[in-house]
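Structural features, examined
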Amino acid sequence: MKKIILCLTILLMTDFMAFGQRGLNCHPVFRGKVVPLELMVSTEVRGGEMATYKLDYYRGVTFRADTATARKVGALVAADADAARSCQTEKTGDILTYALIELKPDKKINRYLCYQARPSGYIWKITLLYLEGVATLEDLHSMFEKQETKEK
């Protein structure tokens, strides 16, 4: 009986934590419906650890995909961009390679979707982030600039 209750609790918590992405076209990507969960690296952070970045919630997935899957994921992200408050996107051919999307806020909480697809031969390395918090678009730009500088 304890195992059943524990399993149900974990299931409910997983569903609750994914609440922020519900209503987004790319929600199935986070849920493992486009690429199986076991093929993704998934990161989820909530609360105090994110305060430095003016964020309350961070959820990210990274995975490798063939060109057809990259197109599908890019199309889902592009559909979210169409309904966004603002967005910046870049394409390589017909594949979305970059997006910084400011979603409509949920009450006073700002919400963002960040996407990057990098080609490596016939395979694409895809990173998709969902962020919530008081951070502004300018805050995100400065965070990403710092990380890009460190990588070089």
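Before reading further, recall that the structure is shown in the block above.
In short, a report on the structure. (Residues numbered from 1 in each chain as written. Predicted model: local features only at pLDDT ≥ 70, side-chain atom pairs only at ≥ 80, totals over all residues. Heavy atoms only, no water.)

So, the nonpolar core
Defined as follows: Only buried residues count toward a nonpolar core. Its members are Ala, Val, Leu, Ile, Met, Phe, Trp, Tyr and Cys residues joined through side-chain atoms within 4.5 Å. Burial status follows relative accessibility: with a 1.4 Å probe on protein chains alone, a residue under 20% of its type maximum counts as buried, one over 50% as exposed, and anything between as partly exposed. Labels follow the DSSP assignment, with helices taken as runs of H or I lasting at least four residues and strands as runs of E lasting at least two, numbered in each case from the N terminus. When checking whether two residues touch, look at their non-hydrogen atoms; a contact exists if any pair is within 4.5 Å.
Counting residues in hydrophobic clusters, the biggest one holds 28 residues, and the most contacted among them are F63, V77, Y115, I126 and L128. For this core, the element with the most residues is strand β4 (residues 95-106), which contributes five residues. Setting aside residues no more than four positions away along its own chain, F63 makes contact with V29, V35, L39, M40, V73, W124, K125 and I126. V45, M50, L100 and L137 belong to the second largest nonpolar core, which has 12 residues in total.

Quick word on the environment of V61
Along the polypeptide, V61 turns up in strand β2 (residues 55-66). In this structure V61 comes out as buried when scored by relative accessible area, which is 0%. Each C-alpha atom of the pair V61 and F30 lies 6.8 Å from the other, and the pair is 31 residues apart in sequence. Once residues within four sequence positions are removed from consideration, V61 is found in contact with V29, F30, M40, V41, S42, I126, T127 and L128.

Read these as spatial facts, not as claims about activity.
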